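Now for the letters of each chain:
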Amino acid sequence: MAEAHSAVAFSFSITHEGWDINYDREVLDLVWQSGVRSWKKRLARFRTGVRNGVYPAHLQSLWLVIAIAVGLHFTKRHVPFDLVNKWLSVLPGDTLQWQLTACSLAGLVVWLSICYTMRYSLKLLLMYKGWMYEKRAPGSKVSLQTRLWGLFVKILATWNKPGLYSFQGSLPRLPLPSVQDTMTRYLRSVRPLLDDTNYNRMERLAKEFQLGISTKLQRYLFLKSWWSTNYVSDWWEEYVYLRGRGALMVNSNFYGIDAIFMHPTKVQSARAASVVNLLLQFRRTVERQELEPILVQGLVPLCSWQYERIFNTVRAPGVETDKIIHYQDSNHIVVLYRGCYYKVIIYHNGRILRPCELQIQIEHILQQGAEKPQPGEELLASLTAGDRTKWAQVRQTVFAKGANRTSLHTVESAAFVLSLDEKPFEFDLAHPEKLDQFGRYLLHGNGHDRWFDKSFTVCVGSNGRIGFNAEHTWADAAVMSHIWEMLIMGETEQRADAPVMAHVWEYIVAEEATNPRYDENGNTVGIPEFEPPTPKRLTWDLNDRVAQDAIEEAHIAAQKLLNDVDLRILVHDAYGKGLMKTCRLSPDAFIQMALQLAYYRDAGKFSLTYEASMTRLFREGRTETVRPCTIESAAWVKAMLDSNVSIEERVRLLNAACERHQLGYQDAMCGKGIDRHLFCLYVVSKYLEIDSPFLQEVLSEPWRLSTSQTPHGQTSKMDLKKHPNCISAGGGFGPVADDGYGVSYIVAGEDLIFFHISSKKSCGTTSSERFAQEICRALADMKYLFEEYRSLQKKKQSSAAIKSDKSEAK
């Protein structure tokens, strides 16, 4: 009864003595503060919405245009199209007051016309993608067309400082490729994977599809491309992610690792408090749109749509399809420690709690270590790790009312979840298995210490190292940031993509590296101004057999899944991008060719390879697939295994393979990819109940090698020259195919590359350790190849010089 009473902020009853009013002043104060904060955010969103709606024009320029209209009217000069007099003809009078009103309305019309002219002019300019294909190698010249384009974009896009979402209305739509172009690219991409017989069969299927039902499917897709903001993104989110019934853990969620060469504090509560505070600061910059949008080369904006769902977001399970729920506001986080859940208030007295105040709250939770979880509570998060349909059915029954519903809503509406792990997150170059275990902790934990439905869970080891586990539906993971600028550009290479979780993580690392946040004892700096709100333990009622059986079943399934993961994190320190740049090759193309060589040696054949590319140059763009296994890459790999092929020929084939990879990546970024177009055609065919043997075969092809590059250098504060230890070890994901590999990599410096290699132990043909060794071997062979090539070139030059001297002497 006491708990029920404390949950009610205000109540009254009628007695024989009159009105009996009961209220809890503290709860009413919290309600009031929450309402005030909510309205402040609504007003801020309205202001920024208006500002973004007229960008690239400046909001204050409205008053200037109105003043000009007033000046023209009262000096007996006509405003364009005689707008003032036209307004006066419909207004009640022509007094001074009404004339000023007419001038204001005329000025508003002219100003809006200017705003939208500027916006659509910028949109037309951003539709141009010729700059993407211009070479930036030393000695190359940029075309006059691209230089003029860059000048006009710079004038329109940079004269007024943009907010996070200012460019959204100016971004072009994702273009729809023609079926013929997609068929041509597809057939070329599968040629190295098929023998002549199977290739001829696939060529026949493609031709039948192109000349048959593709016309009807393309027509519907064309309408969707014009009607919707992005013809791919909503279907991709719905059918690839939300309708998936398999477990999120390992199969979908991804992880990110701390900057392992930094260890700012070993105090778990201090590191957790600092990270929570930085995350809340980042959330505030997103909400206020103070975060600068990512601009490629300082000119071309990327879509910022995904930032909106970083915080206060959950993937709620459904029987047939899940749903992304985003809460506009949240004043708490949920902390998971030793199987117990705590609600932690993060705002007090109208501001975010400081790290020193948050540390008090977290230490309070750590001191509750003797508390035992309620029945079923310790393994509760296993439900989010298991089958989605079963989790949805349990959610609709066990969590439909009472304490379970209240506590579940608290978890799902939290800004994010913080997991205080009892194990240390360790890194030691002499003991690589420690980093492997670090990655496993973040990828799946023990199967019930991560809330896999949340947009992300921050994990803090007992020794103060951190990482995160993120749900994949709401945003993209480690999409690599390579573009033509990654050709040899010295130290000024540019980044062309910024997966939002990578951006968030880099912000945390940069802030901790550049600003002192801990004292000599490892605790957070600062003195608390008040006693922060005490964390509140969440209560659950999980005693009934249905709940216990469901949790136990999910727990067993989660243990089976995580025990099958074979994860190896390779620290390749023989060389990094420094050597690759001397080879005049894109670092990404260089690594992708190494992976092709390693996979062929490991599996004895080529495989369909997935590399993630971004399409955020377009509104609501997400990803496209680059297919690194090409005719050119296959020719180079075979040449590397043929001792009769010369060094010069191998280098020539490698250059050709890297150029083809560059072109494929550029096409994917410009909306000329293969797989998203075929996927959408397949969706339309299912809606129309039309069977296509070609599409069915294409969409069923397994990606046995799934790769992605983690970017860095997205935050201006991240200066790796001043803070070389800032670089994170990147992150990774589980294998896409049961008999394949998942490989994520980050080029961490001039002499360092991290590879996150995952596979399944139950597969007899894969081994993450063996594949890691093959990657090292491939990279070593490529280094040796270029050393031998340079040696041969020097000998030829020396020989030519000697012959020249002899001829001159004669």
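Preceding this paragraph is the structure being described.
Residues numbered from 1 in each chain as written. Predicted model: local features only at pLDDT ≥ 70, side-chain atom pairs only at ≥ 80, totals over all residues. Heavy atoms only, no water.

Before going further, it helps to spend a moment on the overall build of the chain. Summing up its helical and strand segments, the chain has 25 helices and 22 strands in all. The 810 residues of the chain split such that 56% are buried. Relative to all contacts within the chain whose residues are 6 or more apart in sequence, the contacts with residues 24 or more apart total 78%. Carbon and sulfur atoms make up 55% of the accessible area of the chain, which amounts to about 35900 Å² in all. (Helix = DSSP H or I, 4+ residues; strand = E, 2+ residues; numbered from the N terminus. Buried < 20%, exposed > 50% of the residue type's maximum accessible area, 1.4 Å probe, protein only. Contact = heavy atoms within 4.5 Å. Areas by Shrake-Rupley, 256 points an atom, 1.4 Å probe, with all protein chains shown as cover.)

In spatial order, the strands read S16-S22-S21-S19-S17-S18; together these 6 strands make up an open sheet with mixed pairing. Each end of this open sheet is capped by a strand with a single partner; those strands are strand S16 (565–572) and strand S18 (623–626). Neighbour-to-neighbour, the strand axes of this sheet turn through a mean angle of 25 degrees, independent of strand direction. Judged from the 4 bridges that link them, strand S17 (residues 609–614) and S18 form a sheet pairing that is antiparallel. Opposite Ala 612, over in S18, you have Thr 625 as the bridge partner. On top of the sheet, helix H23 (residues 675–687) reaches S17 and S18; it is set at about 115 degrees to S18, its chief contact. (Pairing = 2+ DSSP bridges. Axes fitted to C-alpha atoms, helices over the stretch in contact; angles between N-to-C directions.)

What follows is about the packing of aromatic side chains. Under the definition given, this model contains 31 aromatic pairs. Stacked on the ring of Trp 235, the Lys or Arg Lys 224 has its end atom at 4.4 Å from the ring centre. (Phe/Tyr/Trp six-rings, centres within 6.5 Å; stacked < 30°, edge-to-face > 60°. Lys NZ or Arg CZ within 6 Å of the ring centre and 35° of its normal.)

Let's shift gears to empty space enclosed by the protein. What the rule picks out here adds up to 4 cavities of 30 Å³ or more. Taken as a whole, the second largest cavity spans an internal volume of roughly 60 Å³. Lining the second largest cavity are Leu 174, Pro 175, Pro 177, Tyr 231, Val 232, Thr 615, Glu 624, Ala 668, Gly 671, Gly 673, Arg 676 and His 677. Broken down by class, the residue content of the lining of the second largest cavity amounts to 6 nonpolar, 4 polar and 2 charged. (1 Å grid on protein atoms, 1.4 Å probe; cavity = no way out; pocket = protein on both sides within 12 Å on 5 of 7 lines; lining within 4 Å. Points joined across faces, edges and corners; volume = space filled by probe spheres on them. Nonpolar A, V, L, I, M, F, W, Y, C, P; charged D, E, K, R; others polar.)

One can describe the packing of helix H7 (residues 179–190) onto helix H8 (residues 196–211) by two numbers: an axis separation of 11 Å at closest approach and a directional angle of 170 degrees. In terms of axis orientation, H7 runs roughly antiparallel to H8. Residues Val 179, Gln 180, Met 183, Tyr 186 and Leu 187 of H7 pack against Tyr 199, Met 202, Glu 203, Ala 206, Phe 209 and Gln 210 of H8. (Parallel < 35°, antiparallel > 145°, perpendicular 65-115°, else oblique.)

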